[in-house]
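Structural description and commentary
Single-letter residue listing:
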Amino acid sequence: MDLKKLLPQVRAAVIESGALIQEAWDKPRKVRYKGRIDLVTETDVAVENDVKARLAKILPEASFLAEESAADAPLNDLTWVIDPIDGTTNFTHQVPFVCTSVGLWHKGRVVLGVINAPIMNECFYAVTGSGAWCNDKQIFVTKNDNLEQSLIATGFPYTIAEDADEITDRLRRVLQGAQGIRRLGAAALDLAYLAAGRFDAFYEKGLKPWDTAAGWLLVNEAGGWVTEYDASNDFSLYSPNILASNTLLHAEMTKLM
């Protein structure tokens, strides 16, 4: 595969599918619940179907691991990993932190990633070895090595009711050590913002492959580092937790985790 040739096609496909989110933005939502606080809307399904159809034309030999239609599919040698709307709860409340995340898994690693935030007109993208970009401008992680001057992003799992003590204990430690914490409600955007130097680190428990695939590559290509909470454990798409940083803060963040 020529990834540099493939990227503009994938980027265009994801942006075109994002038009469905823009069109639905001011319309009533039809919401159903997959879990106590886990939502899905008709727009999630429509975007997923649309982007899958577009990607199938670009790379017909690839399979799909997608949140709404193929959540249990295996990672084959060539697999698109898709979250049609990361931040569905934001979408239902018209909070603009929503995005579509598409990663291409090839023989054991993510080699291409696109995260499109249609309401804010920002598209983040990367291919292996070519850096990370946002709207045609190359992006980099911060060079901040001072935790007290750091802005940290996090999220809360759907199991928050069961894991509240663990989550809030870790949150307290980070709050006491860092300059501040932000919770966007879309892990893919958290990772994209980290890659763009807007956050210094990000951590979360209980994410799925479609939440992290594209963002993992973006952070790496922007000069960051992604592991599990224990940095001696390499990150995988099925890791129980994720710690991403600008690299310089990773050791301190690991201690807080």
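Located above this text is the structure these notes cover.
Residues numbered from 1 in each chain as written. Predicted model: local features only at pLDDT ≥ 70, side-chain atom pairs only at ≥ 80, totals over all residues. Heavy atoms only, no water.

**Quick look at the packing of aromatic side chains**
Geometry of an aromatic ring pair is reported as the spacing of the ring centres plus the angle between the planes. A full pass over the atoms with the stated rule returns five aromatic pairs. Aromatic side chains Trp216 and Phe235 sit 5.0 Å apart centroid to centroid with 85 degrees between the ring planes, which places their arrangement in the edge-to-face category. In this pair, Trp216 is assigned in helix H6 (residues 209–221) and Phe235 in the loop between strand S13 (225–227) and strand S14 (241–245), connecting sequence segments 19 residues apart. Residue Phe235 is classed as buried on the basis of its relative accessible area, which comes to 8%. In this structure an aromatic cluster arises from ring pairing among Phe124, Tyr193 and Phe199. The ring of Phe64 carries the charged tip of Lys52 above its face, separated from the ring centre by 5.3 Å. Over the ring of Tyr193 we find Arg198; its NZ or CZ atom is 4.6 Å from the centre of that ring. (Phe/Tyr/Trp six-rings, centres within 6.5 Å; stacked < 30°, edge-to-face > 60°. Helix = DSSP H or I, 4+ residues; strand = E, 2+ residues; numbered from the N terminus. Buried < 20%, exposed > 50% of the residue type's maximum accessible area, 1.4 Å probe, protein only. Lys NZ or Arg CZ within 6 Å of the ring centre and 35° of its normal.)

**Some details on the packing of helix H5 (residues 187–195) against H6**
Where H5 meets H6, the axes come as close as 8 Å, and the angle between the chain directions of the two elements is 5 degrees. Comparing their axes, H6 and H5 come out roughly parallel. For the pair H5 and H6, the contacting residues are Ala187, Ala188, Leu191, Ala192, Leu194 and Ala195 in the first and Asp211, Thr212, Gly215, Trp216, Leu218 and Val219 in the second. Residue composition of the contact of H5 with H6, grouped by class: nine nonpolar, two polar and one charged. (Axes fitted to C-alpha atoms, helices over the stretch in contact; angles between N-to-C directions. Parallel < 35°, antiparallel > 145°, perpendicular 65-115°, else oblique. Contact = heavy atoms within 4.5 Å. Nonpolar A, V, L, I, M, F, W, Y, C, P; charged D, E, K, R; others polar.)

**Some remarks on the environment of Asp163**
Take Asp163: it is sitting in helix H4 (residues 160–177). Along the sequence, Asp163 and Lys205 sit 42 residues apart, while their C-alpha atoms lie 9.9 Å from each other. One polar contact links Asp163 to Lys205, side chain to side chain, over a distance of 3.4 Å. (Polar contact = N/O pair within 3.5 Å; in protein donor to acceptor, adjacent residues only side chain to side chain.)

**Things to note about the sheet that holds strand S10 (residues 151–154)**
Taking strand neighbours across the sheet as the criterion, the five strands line up as S11-S10-S12-S14-S13 in an open arrangement whose pairing is mixed. Pairing within the sheet leaves two strands with one partner each, and these edge strands are strand S11 (180–182) and S13. On average, adjacent strands in this sheet sit at an angle of 20 degrees to one another, irrespective of strand direction. Strand direction decides the pairing type here: S10 and S11, joined by three bridges, are parallel. Among the inter-strand pairings, Ala153 is bridged to a residue of S11, identified as Arg182. Along the sheet face, H4 touches S10, S11 and strand S12 (201–205) and points at about 170 degrees away from the line of S12. Strands S13 and S14 of the sheet are contacted by H6, whose axis makes an angle of about 140 degrees with S13. (Pairing = 2+ DSSP bridges.)

**Section: the environment of Ala117**
Secondary-structure assignment places Ala117 in strand S6 (residues 109–117). Ignoring sequence-local partners within four residues, the contact set of Ala117 consists of Val98, Cys99, Glu122 and Leu189.

**Looking at the pairing of strand S3 (residues 63–66)**
Side-chain direction in a regular strand flips from residue to residue, so the side chains alternate between the two faces of the sheet. Side chains Ser63 and Leu65 of S3 all project onto a buried face; the interleaved residues Phe64 and Ala66 project onto the opposite face, where all are buried too. The pairing of S3 with strand S4 (residues 78–86) spans four bridges and is parallel. The residue bridging Ser63 from the neighbouring strand is Thr79, located in S4.

**Looking at the pattern of salt bridges**
Under the defined criterion, the tally for this structure stands at nine salt bridges. In this structure, Arg11 and Asp136 form a salt bridge, with 3.1 Å as the shortest nitrogen-oxygen distance. One end of the pair, Arg11, is in helix H1 (residues 3–24); the other, Asp136, is in the loop between strand S8 (132–134) and strand S9 (137–139), and 125 residues separate them in sequence. Owing to a relative accessible area of 57%, Asp136 belongs among the exposed residues under this scheme. The salt bridge partner of Asp50 is Arg54, with a shortest N-O separation of 2.7 Å. Pair noted here: Asp50 and Arg54 are both in helix H2 (residues 42–58), with a separation of four residues, about one helical turn. (Salt bridge = Lys/Arg side-chain N within 4 Å of Asp/Glu carboxyl O.)

Scope: geometric values only; no functional claims are made or implied.
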